[in-house]
Each structure stands twice: as structure tokens, then as C-alpha cells.
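# Report on the structure
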Protein chains: 2
Amino acid sequence: MEWIGAAVSSQGVREQRFDVDCEGRRVPGILWMPADATELGPVALLGHGGSLHKRADYILATARRLVRHHAVSAIAIDGPGHGDRRADGGTDRERVRSDFEGAWKATDVTDQMVADWRAALDAAQAALGEGPVAYFGLSMGTMMGVPLIAAEARVRVAVLGLMGIWGPNGGRMAEDAPRVLCPVRFLAQWDDEIVPRERALELFDRLGTRQKSLRAHPGRHVEVPPDEMRAVAAFLASHLG
Amino acid sequence: MEWIGAAVSSQGVREQRFDVDCEGRRVPGILWMPADATELGPVALLGHGGSLHKRADYILATARRLVRHHAVSAIAIDGPGHGDRRADGGTDRERVRSDFEGAWKATDVTDQMVADWRAALDAAQAALGEGPVAYFGLSMGTMMGVPLIAAEARVRVAVLGLMGIWGPNGGRMAEDAPRVLCPVRFLAQWDDEIVPRERALELFDRLGTRQKSLRAHPGRHVEVPPDEMRAVAAFLASHLG
């Protein structure tokens with residue numbers, strides 16, 4: 001785990017850029033911890049949505065809320081073809097969006113993403129100690145999260161959603177969903193213009209856990225009610241003991 | 001409003017049986033209020049499920065929670081062909097269940113139920129003062145609730161669910177659902193063996209309000225998670241200001 005630059009602390013939250021190496025790939029990430037913590041403790045993995053990056057507004061807000069209100073650390077990494085994995089830094093959303101299908105085209109990209117997440121978690125736990133693990137990811141964050149959770153017994157709780165048995169790795173998610181066995185809150189948007197409602201319900205249906213709840217609201221893909229977004233941190237923390 | 005017997009107070013909750021007259025029908029009800037209250041204040045109408053009655057366990061628990069934790073009064077009345085509307089008192093669930101279709105067969109039973117609820121609310125507010133109104137009803141409680149809320153502008157918030165565009169007044173609910181314009185939390189059971197899942201989603205879909213959320217959980221009709229049932233009172237109270 002290579003720390004990139006100096007940690008920055010603000011209002012009780014220490015934020016630290018890092019890279020980890022995974023199978024020759026440089027995986028760019030951010031770690032948030034309580035400013036006074038010396039051990040990782042419970043940690044949430046935060047997977048961002050398509051065309052965004054590891055420090056997207058709602059990822060940053062969720063990380064800060066986890067740390068400040070629940071003393072839960074957080075780790076975010078850039079998704080495939082996103083953020084600092086790109087030569088251009090991934091700040092131009094339209095450009096990243098136009099490359100989205102390409103980023104997910106390789107047949108092993110899902111396996112690579114799973115390996116990247118595990119490498120980041122392994123490195124953080126090796127450096128800072130082990131603790132229970134949560135996952136939060138909507139839309140592309142669920143495309144990464146379902147295969148990760150299916151492969152990774154350390155994940156004890158998750159918030160997923162805005163995705164279905166659909167898109168570039170829909171077939172893989174259909175296979176992996178029954179192996180998601182931790183408690184899951186699944187968010188869906190009733191008028192989602194990107195992911196068809198029935199495909200999202202199908203993904204919820206296939207999740208293997210019995211401790212799952214579907215929370216659906218009117219509105220388009222990115223219009224999850226603010227209260228529901230704010231509630232993510234408390235739900236994850238409540239299952240991290 | 002005729003008080004039946006003496007009020008009984010326990011742990012801060014005063015419970016009082018009453019009857020009201022509506023279009024020649026005797027409507028049996030219960031009023032719960034804070035033991036020290038002299039005015040009705042905010043009030044929740046609690047509609048019980050099929051084969052049950054106005055003092056079913058979860059109705060009583062919700063009423064007590066509303067009063068104790070939120071200082072919200074509660075009113076429950078017996079549904080058509082249920083409870084004290086029956087000569088046998090409606091305590092034999094199997095017998096009441098076997099009469100269910102008959103109780104809802106009359107073409108005007110839904111209109112009668114709406115009138116009965118309004119008569120109970122009118123009488124309570126006339127006797128004890130006005131305040132904002134909530135509605136809670138699952139299964140048959142939603143069969144009563146959707147037409148009531150569509151007709152009754154006093155209802156500001158509702159928890160509905162375990163019902164769909166289905167059953168003896170499904171057509172009526174399809175007509176009335178678009179006129180439900182208050183915030184609604186809608187509970188659905190993913191493996192409901194009585195109400196088909198698609199019919200429940202259709203009812204949620206038709207509700208006219210934009211402030212609606214669907215909360216679905218695995219399990220059969222009567223297996224709503226206890227945490228979700230306990231959360232009903234807080235949700236209603238949060239919208240009664």
C-alpha cells in the first residue's frame with residue numbers, strides 16, 4: 001500500500017490517497033478514518049457509479065458520515081476506466097461516460113475489479129488491522145458489488161441498487177446474486193430511465209440472502225431521496241456491531 | 001359518540017370503547033389517547049386486517065406506541081363483518097375468514113366503510129378537538145384505507161400495504177389510488193401467498209402521490225419484519241408535525 005501525498009484531516013476525518021498494486025494494475029484509492037484512529041476498525045467499501053470516481057460527492061459525504069457519526073472507516077477505489085485509472089484523471093463526466101461500454105467490454109473486467117477491491121482491503125487490513133466490512137455501491141457500484149460480495153466472505157452487510165440483471169455484466173450478476181448472503185438494503189428508482197424496473201426487481205429477487213429489503217421511490221435514476229442516501233451510513237454501521 | 005363502559009388507563013395510555021352511528025349502522029370503535037390528555041390532538045386511524053378486529057395485537061401495539069412515544073392518539077373501528085359488528089363478537093378467526101367474501105360482496109360496502117371511518121373521525125374531533133390525521137392499514141386495512149384517503153383530505157400521511165389491485169374491491173382501489181395524494185409508505189411481502197406480487201406493485205404504482213416509498217421484504221403475507229412494524233408509528237408521527 002503506497003500512500004500518495006499527505007493525509008488531510010478535517011472535522012475529525014482523516015483522508016489519505018493511496019495506490020495498491022493488483023496483478024500489475026495500479027489501483028487508485030482513498031482511505032477515510034477517524035482522525036485520531038490508529039487502527040482501521042470496521043470499514044465500508046464504497047463503489048462509485050458510472051462516469052464518476054472514488055471521490056464523487058455522495059461517496060465523500062457517505063465516507064465522512066460513516067467516520068464522524070459511526071466511527072466506521074471507508075475505502076473507495078476508482079472503477080474500471082474511471083478516475084485516476086485514466087490518463088485524463090476522469091474528471092470529464094461526458095468523456096468517461098462515452099468510454100463506459102469499452103471499460104466493461106473485456107471479459108475479465110469483473111474478475112479484475114473483484115481482485116482490485118480485495119487487494120485494497122487486504123492492504124488496508126494488513127497495514128492497519130482487521131475489522132468487519134460493509135459494502136455500498138449503486139448503479140455501477142452494484143455491478144462491482146454483487147460479484148465482490150459473492151466472492152468475499154468478509155463483507156457482512158451491503159447497500160446496493162439502481163442496477164438490475166442488465167448491462168455489460170448482467171449475466172455475471174445473475175450468476176453471483178444467489179451467493180450474496182449478507183443483509184442487503186436494495187434501492188430502486190421507480191421511474192429509472194436507465195435500468196428497467198423489472199430488471200432491477202429481478203436482481204433483488206435473485207439475491208441469496210433472506211435478510212434483504214427493497215426500498216423503491218418515484219423518480220429517475222439519480223433521484224434517490226436525500227433522506228435515503230443519508231440513511232445508508234447508519235444502516236451499514238448497525239450491522240458492523 | 002357513545003362511550004361503552006369505562007376508560008382503562010395503563011402505562012400512560014387511556015383506552016376507551018365507543019360506538020358511533022353512521023347511516024343507521026352501529027360502528028364499534030376504540031379510542032386511545034395519552035392518559036392525561038383532554039384533547040384529541042394528532043390522531044392515527046388504524047384499519048385492521050381481514051379476519052381480525054379493532055383490537056388485534058398489532059393494532060393495539062401500534063396504538064400504544066403512537067400514544068406513548070409520539071403523543072399521537074389512535075382510533076380503530078371494526079371492518080365490515082368483523083369484530084363487534086358480528087353477533088358472535090368476531091373472535092373466531094376461522095369463522096370470520098369464511099365469511100370474508102360475503103362481508104365485502106355488497107356493492108356499496110366500500111362506500112359504507114368510508115362513511116363509517118369518517119363518522120368515527122367526525123365524532124372524535126367534535127368531542128375532543130381537531131388535529132392532523134394519519135392512516136395505517138395493511139391487507140384489508142388497505143382495502144379500507146385507499147378509498148378512505150381518496151375521499152378524505154384530512155389524512156396527511158399513511159402506511160399501507162399487503163394488498164394490490166386485487167380482491168373484492170380491487171376495481172375500486174384502482175380508481176381511487178390516483179387520488180391518494182399524501183405521503184405513503186407501502187409495505188409488500190415478496191413471497192406473499194395471498195396477494196400476487198405484481199398486483200401489489202401495481203397498486204403502489206397507481207398511488208397518486210409522488211411522496212411514496214415501497215418497502216418489500218422476503219416472506220409470506222403476515223411476515224412483515226418486526227422492525228418494520230415497529231417503525232410505522234414513528235413514520236406517521238414524523239408527518240403529523
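Nothing here was measured: the structure is a model prediction, and the numbers come from that model. Chains are numbered independently. Their residues run from 1 in the order of the written sequence. Both sets of labels track the order of writing: A upward for chains, 1 upward for ligands. In keeping with the model being predicted, local features are shown solely for residues with a pLDDT of at least 70 and side-chain atom pairs are shown and tallied solely at 80 or more, while totals for entire chains, interfaces and linings include all residues.

### Regarding the relation of the copies chain A and chain B
Here the copies are superposed with least squares, the fitted atoms being C-alpha atoms of residues at a pLDDT of at least 70 in both. Once turned by 180° and shifted 0.0 Å along the axis, chain A lies on chain B with an RMSD of 0.0 Å. Seen this way, the second copy is the image of the first under a two-fold rotation axis. Identified as the residue of chain A closest to the rotation axis by C-alpha distance is A:Arg215, at 2.4 Å. Think of it this way: build a C-beta for each residue from its backbone, and any pair within 7 Å is a contact. Take the interface residues of chain A: 100% of them recur as interface residues in chain B, which is what a same-surface contact looks like.

### Looking at helix H7 (residues 197–206) of chain B
All names here are of chain B. Buried within H7 are the following residues: Ala-200, Leu-201, Leu-203 and Phe-204. The buried residues of H7 all sit within an arc of 155° when viewed along its axis, so they share a single face. Starting at the N terminus, helices and strands are each numbered in turn, a helix being any DSSP run of H or I of at least four residues and a strand any DSSP run of E of at least two. Residues of H7 that are buried in the fold lie against helix H6 (170–176), strand S8 (184–189) and strand S9 (212–217). Buried, partly exposed and exposed are defined by the number of other C-beta atoms within 10 Å of a residue's own C-beta, namely 20 or more, between the two limits, and 12 or fewer respectively, with C-beta atoms placed from the backbone. Each C-beta atom gives one direction from the helix axis, and the arc is the one those directions make.

### So, the environment of B:Thr142
All names here are of chain B. With respect to the element layout, Thr-142 can be found in helix H5 (residues 140–151). Of the residues examined, Thr-142 has 30 C-beta atoms within 10 Å and is grouped as buried. Thr-142 sits 44 residues away from Phe-186 along the chain, and the two C-alpha atoms are 9.7 Å apart. In this view, Thr-142 contacts Gly-137, Leu-160, Gly-161, Leu-162 and Met-163; residues no more than four positions away in its chain are not counted.

### A look at the interface of chain A and chain B
At the junction of the two partners, chain A supplies 8 residues and chain B supplies 8 residues. Think of it as three bins: nonpolar holds Ala, Val, Leu, Ile, Met, Phe, Trp, Tyr, Cys and Pro, charged holds Asp, Glu, Lys and Arg, and polar takes everything else, Gly as well. Classifying every residue of the side of chain A that touches chain B by side-chain character gives 3 nonpolar, 2 polar and 3 charged.

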